[in-house]
Every structure is written in structure tokens, then in C-alpha cells.
Amino acid sequence: QGHTDSVISVAFSPDGEKIVSGSCDNTIRIWDTKTEKITISPIEGHTNWVTSVLFSPDGSQILSGSNDETIHVWCVQTGMTIFGPLYGHIGRIKSVAYSLDGNQIVSGSDNAVIQIWNALTGQIITILGNPLCSQSNWVTSAFSPDGKQIVSGSWDGAIRIWNAQTGQILFGPLHGHDSSVLSVAFSPNGTQIASGSYDKTIQIWNAQTGQRVTGPLVGHTNWITSVSFSPDGKQVVSGSCDKTVQVWNVQTGKRITGPLHGHTSWVSSVAFSPDGKWVVSGSNDSTIRIWNVLRENIVTMTGPLQGHTNWVSAVAFSSNGEQVVSGSYDTTIQIWNIQTGQLINGPINGHTNWVTSVALSPDGKQVASGSIDGAILFTDVQTSKIITSAEQSHTDLVASVSFSSDGKLVVSGSYDNSVRIWNAQTGQIVTIPILGHKDRVTSVAFSMDRNYVVSGSFDTTIQIWNAQTGCRVTGPLYGHTDHVKSVAFSPDGAQVASGSKDGTIRIWNTHVKTQ
């Protein structure tokens, strides 16, 4: 669990070690399949439902499509945008996919258009479909493994196979389903196609001739929302609005595994792991489940973690990933064991008003917290005792706190329009209050070498400061049209990412030298 709304799309990484999920909460999340933990913060950038996500063939990037009619490409390690939003569709995007070599992207939308993009530049290469009027309403699509063909399924119930280079239809429309086609997939060797439909059936097609090979596969009691081949191409997994997952033998059409019950709402996306032993499913119940398709066992995420008596406003992982610290409107801080979901320490009292921000030191021994009360507290993780509190605290709520990479300093940003840097051991201020923003400071972060601090504000600007002197180095940087919600340095310090209420993410060159 992690998403706050329906999970629409899920996919394994090529090495099977990660899962990416896209949701109606407009976010993308990356999960570690072994620890069942989120690897980085939720990726935000889309302004509407994220309808399709998957990893690039080399596993270094994530491709996403959304009802906001845009496509993004993200870095798996940092969650930062590589390029995007890509504009071109004038309808909601139903599906996105990479070519096997990772050089091209195909996308299908509900205005009956398929577009092929250069994955390196983000430029449109080819547009298939409307205005040729070969399909009606939305389409879902996928590349063949060799990148030479594209299969599409449409609202009109037909399947079409296209030449990816020329845009010409090779086969189709192929009729077999009695209603709209919601999902299509190529087999790993490119010889077969699976399709799932509103008619509650799955069909297997020959990609070279367009003839139906197997089907209809009957067993689901509601719409088929997602289909995917196993790595060896011998099985197909399906997800349905009947809340179940089922696995089928491609050659015989017989059900091998399932129906697998566990989701409490529609299953919207399914995929096999690279070794074929596991299936991941995402659902409108906002959860992701991992199934051992050989034993029909289910592995679920830890949680929910319950203990606060009011809204949870801030969370952070420990450096070893074994613990989570949370801050709440109930004015307390709590520390949790991720494996068991049990409360380790807390509730920790000290703040007199809502806790708005928490951060863990790199060694996992301290928690820094900021609050509406304007105070910053430093708490020992093991004992839950407050080590010290920041002197000369802010005069308004503390919106953001962040440790330096060595854990010796903490930077804070406040609604009093200031940025301050503190000694994490003594709580004493290190530099004079940093003033320069004309409105409330919402987010702050150190560069990896701790020499610089970046800040974002309600004044829509980003500024970079010398952490030793408090002097402004770069900025103000203008570009956002609404207040800046979040800022972060790249690991090498050469760039800063910013997220804003205007719905955009921007990448800036810092023009500073980091060690």
C-alpha cells in the first residue's frame, strides 16, 4: 500500500528487482520486490491519472502516460524527469510502450491516435490512425519485440497490426471480440498477440497472418482490463474487473492458475516478472499485490501503520531502510519497524502544534522535526528523547527540514520567509538567517558536498545559497507560475529539480562548483 487512489498500471523492471506503479492519485511509485518497500519518494508531475507506466529496456528510466494528455520519461534512481511533458495527443493517453532497443516510444490515446516518438529526443516520428479514420475512439497499443510492428486494440472491438516505419496497416481490422478491446500485448518472440476485451474474453492471434490461434479464453466474469505474456511466451496472465487474476496456457487456452482472489476492487494492470515465477497486479483498491503463480501465494506490502490520532503530515525512511519516522497533526513523532509494521518508539512529544516536516540523519540516529509552532527539535531515535532544540527558532511554521550528507547540519525553511542552518548536535544557528525570498519558504535541501543550500518559495522562485556564509549564489530563478512545493539537488550538484503547484517540474543548471 502507498497510493491514495486506484492503481491503474504496474510493471516489473527488466531485472525483476523493482516494480513501477501508476495511479489515479497522479503519482508514480517504485517498489523493491524483495523488501516490498518504496525505493524513492512518489514521483509527481502529471496533473491527472497516470494510466500507463513501464521501465525502459535497460531499466534506467520509467515511461509514463496520463489522462493529462502528456508523456514523461523519468530517472529510476532519482525520480527526476529526464524529459517531458511531451505534448502531441489531444486525448487521454491509454497506453505507452518502448521498442525493444529503447530508441522509440509508442503511445495510444482516446482520440484514436497512435504516435511514435524518438525516445532520445522526445520528438514525434510518426502518427498512426486518425486523421486516417481507421479506428474509432480510444486505442491501446504495444510494440513488437523487434520494433518493426505495432499492435493496437480499439473501442470499435477491432485489432490492427501496423508497420511502425511507414504507418501502414499490415493486418486488420481483426474481428473476434464482441466489444471494445482494452489491452493488447505481443509475445516475447513477436509471433503472437494477446487481447483482452469488454466481452470478458481473451484471444490469441498470429502476428504474421492475423489469424486467431487460440480462444476465446473464457473464465472471467467481468471486463478484461490487462493481459501480458510470460517470458517464455507459453502463458498469459489476465486481470479483470471481477477483482481476480488468472493465468492461461497459450496453446490450449486452458486456465492454469486462478482465479486469484485478494483485491477488493477492479484489477487494472498485470505483468509477469522476468523469471516468470511472479505476477504483479495493481487495482482500483489502491494496492499492489505480488503473486507466486506456481503456488498461488500472495505477498502483500506492510501496513497500514496505525497509531497517530490525526493526519500524518510527514514521513521519512531511515538510512538502512528498516525504519520510518512520521510526524502528525496530533503534534507527535513516531518511529516504525517496516518489516513488522509495529511502533518502535513514540509517540514522541515536544512540539506544541502540528508537525509539518521530519528528516532522519544519514546515520539514522537522529530525527529533525519542524512544526507550526516554529520550533525545530532534534530527537534521539533509539531513546526517543529530545537531544536539543534549535535556538532562535523561526517566527512562523517550519515547512521543511533537511540534513546535510554528513549529518552535522540541518537546514530549515519557514513561512517567516527565511532559511536557517543549524548545528545538529547543539541546536545552535550556524549562519545568520538567510533572507531573500519575498514570500513563505516551502522546501530546502543541501547539496551533497554540503556547501550549498537550495530553497523554493511561495514567491514562485528558486534560490541557491552558500551554506557557510548565507550569501546568495544563484537566483532568484524564475519560471514557475505558482508557488514552488519541492526542491532537490542532483547528486553531482550540477542541477536542481523543482516541483510547483503550477503542475510542472523544472530542471535548472546551478552554475555552482561542488566537490
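Residues numbered from 1 in each chain as written. Predicted model: local features only at pLDDT ≥ 70, side-chain atom pairs only at ≥ 80, totals over all residues. Heavy atoms only, no water.

A. Up close: the overall build of the protein chain. Within the protein chain, the secondary structure is distributed over zero helices and 47 strands. Projecting the C-alpha coordinates of the protein chain onto the three principal axes gives extents of approximately 75 × 45 × 35 Å. Looking at the 515 residues of the protein chain, the share that counts as buried comes to 57%. Long-range pairs, those at least 24 residues apart, make up 41% of the contacts in the protein chain with a sequence separation of at least 6. When the accessible surface of the protein chain is totalled, it reaches about 21,000 Å², and 47% of it is carbon and sulfur. Where the 29 positive side-chain charges of the protein chain centre and where its 36 negative ones centre are 3 Å apart. (Helix = DSSP H or I, 4+ residues; strand = E, 2+ residues; numbered from the N terminus. Buried < 20%, exposed > 50% of the residue type's maximum accessible area, 1.4 Å probe, protein only. Contact = heavy atoms within 4.5 Å. Areas by Shrake-Rupley, 256 points an atom, 1.4 Å probe, with all protein chains shown as cover. Lys, Arg positive; Asp, Glu negative; His and termini not counted. Charge placed at Lys NZ, Arg CZ, Asp CG, Glu CD.)

B. Summary view of the nonpolar core. In terms of nonpolar packing, the biggest core is built from 24 residues, with I28, I62 and L63 touching the most fellow members. The element contributing the most residues to this core is strand β5 (residues 50-55), with four residues. The contacts of I62, once residues within four sequence positions are left out, are V20, I28, I30, L54, F55, H72, V73, W74 and V76. (Core = buried A, V, L, I, M, F, W, Y, C linked by side-chain atoms within 4.5 Å.)

C. A look at the pairing of strand β14 (residues 149-154). By the criterion of burial, β14 is predominantly enclosed, with six of the six residues buried. Pairing between β14 and strand β15 (residues 159-163): five bridges, direction antiparallel. Within β15, the position partnered with S152 by the bridge is R160. Linking β14 back to β15 in an antiparallel pair, the connection comprises four residues, with G157 at a positive phi of about 85 degrees. (Pairing = 2+ DSSP bridges.)

D. Layout of the packing of aromatic side chains. Taken as a whole and assessed by the stated rule, the structure comprises five aromatic pairs. Ring centres 4.1 Å apart and planes at 10 degrees place the aromatic pair Y198 and W223 in the stacked group. Of this pair, Y198 sits in the loop between β18 (192-197) and β19 (201-206) while W223 sits in the loop between β20 (212-218) and β21 (224-229); the two residues are 25 residues apart in sequence, bridging distant segments of the chain. Taking NZ or CZ as reference, R440 lies 5.3 Å from the ring centre of Y415, over its face. A cation sits over an aromatic face here: R440 above F458, 3.7 Å from the ring centre. (Phe/Tyr/Trp six-rings, centres within 6.5 Å; stacked < 30°, edge-to-face > 60°. Lys NZ or Arg CZ within 6 Å of the ring centre and 35° of its normal.)

E. Region of interest: the environment of L86. Examined against the element boundaries, L86 turns out to sit in strand β8 (residues 81-86). Accessibility expressed as a relative area gives 10% for L86, which makes it buried. Among all residues touching L86, those that are not within four sequence positions of it are E69, T70, I71, W117 and G122.

F. Spatial organisation of the sheet that holds strand β24 (residues 255-260). Spatially, β21-β22-β23-β24 is the arrangement adopted by the four strands of the open sheet, whose pairing is antiparallel. Taken across any chain shown, the strands that pair with only one partner, and hence form the sheet edges, are β21 and β24. Geometrically, the sheet is characterised by an average inter-axis angle of 15 degrees between neighbouring strands, direction not taken into account. Note: strand β22 (residues 235-240) against strand β23 (residues 245-249), five bridges, orientation antiparallel. In the strand pairing of β23, S238 is matched with Q246. (Axes fitted to C-alpha atoms, helices over the stretch in contact; angles between N-to-C directions.)

G. Region of the structure containing the sheet that holds β19. Taken in spatial order, the four strands of this open sheet run β17-β18-β19-β20, and their pairing is antiparallel. Strand pairing shows two members of the sheet lacking a second neighbour, β17 (181-186) and β20, which therefore form its edges. Each neighbouring strand pair of the sheet contributes to a mean axis angle of 15 degrees, computed without reference to strand direction. Note: β17 against β18, five bridges, orientation antiparallel. Within the sheet, the bridge partner assigned to F186 lies in β18 and is I193.

H. Fine view of the state of the cysteines. Evaluated as defined, the whole model comprises zero disulfides. There is no disulfide at C241, and the cysteine sulfur nearest it, in C24, is 12 Å away. (Disulfide = S-S within 2.5 Å.)

I. Seen up close, the pattern of salt bridges. The final tally for this structure, using the stated rule, is five salt bridges. Here D25 and R29 are joined by a salt bridge, their closest N and O atoms 3.7 Å apart. Given the relative accessible area of 15%, D25 is considered buried. When the shortest N-O distance is used, the salt bridge between R420 and D416 registers 3.7 Å. Taken individually, R420 and D416 each receive the classification buried, so the pair is uniform in this respect. (Salt bridge = Lys/Arg side-chain N within 4 Å of Asp/Glu carboxyl O.)

J. Structural context of the pairing of strand β45 (residues 484-489). Sheet analysis places β45 next to strand β46 (residues 495-500), joined by five bridges and oriented antiparallel. The partner of S486 across the bridge, within β46, is G499. Where β45 folds back onto β46 in an antiparallel hairpin, the turn is made up of five residues, including G493, whose phi is positive at roughly 75 degrees.

K. The arrangement of the confidence of the model for the protein chain in detail. Model confidence for the protein chain is summarised by a mean pLDDT of 85, while 91% of its residues fall at 70 or above. Counting contacts from residues 130-138, a segment whose pLDDT is below 50, to residues more than four positions away or on other chains yields 35 contacts. A low-confidence stretch, residues 296-303 (pLDDT under 50), is modelled with 25 contacts involving residues beyond four sequence positions or located in other chains. (pLDDT = per-residue confidence, 0-100.)

L. Examining the side chain of D449 more closely. In this fold, D449 is placed in the loop between β41 (441-446) and β42 (452-457). Buried charge D449 goes without a salt bridge, the closest partner of opposite sign being R450 at 7.8 Å. Here the side chain of D449 touches S447 through a polar contact of 2.6 Å, side chain to side chain. (Polar contact = N/O pair within 3.5 Å; in protein donor to acceptor, adjacent residues only side chain to side chain.)

M. Molecular detail of the environment of V267. Following the sequence through the fold, V267 ends up in strand β25 (residues 267-272). Under the relative-accessibility criterion, V267 is labelled buried at 0%. Taking the C-alpha atoms as reference points, V267 and V325, 58 residues apart in sequence, are found 31 Å from one another. With sequence-adjacent residues up to four places away left out, V267 is seen in contact with T225, G239, S240, C241, K243, T244, V245, S281, G282 and S283.

N. Region of the structure containing unusual backbone geometry. A cis amide bond links G84 with the next residue in sequence, P85, at an omega value of 5 degrees. Along the chain, P85 falls in strand β8. The linkage connecting G475 with the following residue, P476, adopts the cis geometry, with an omega of 0 degrees. Position of P476 relative to the elements: it lies in strand β44 (residues 472-477). Positive phi outside glycine occurs at N26, with the angle close to 75 degrees. For K243, which is not glycine, the phi torsion reads 80 degrees and is therefore positive. For K243, the location among the structural elements is in the loop between β22 and β23.

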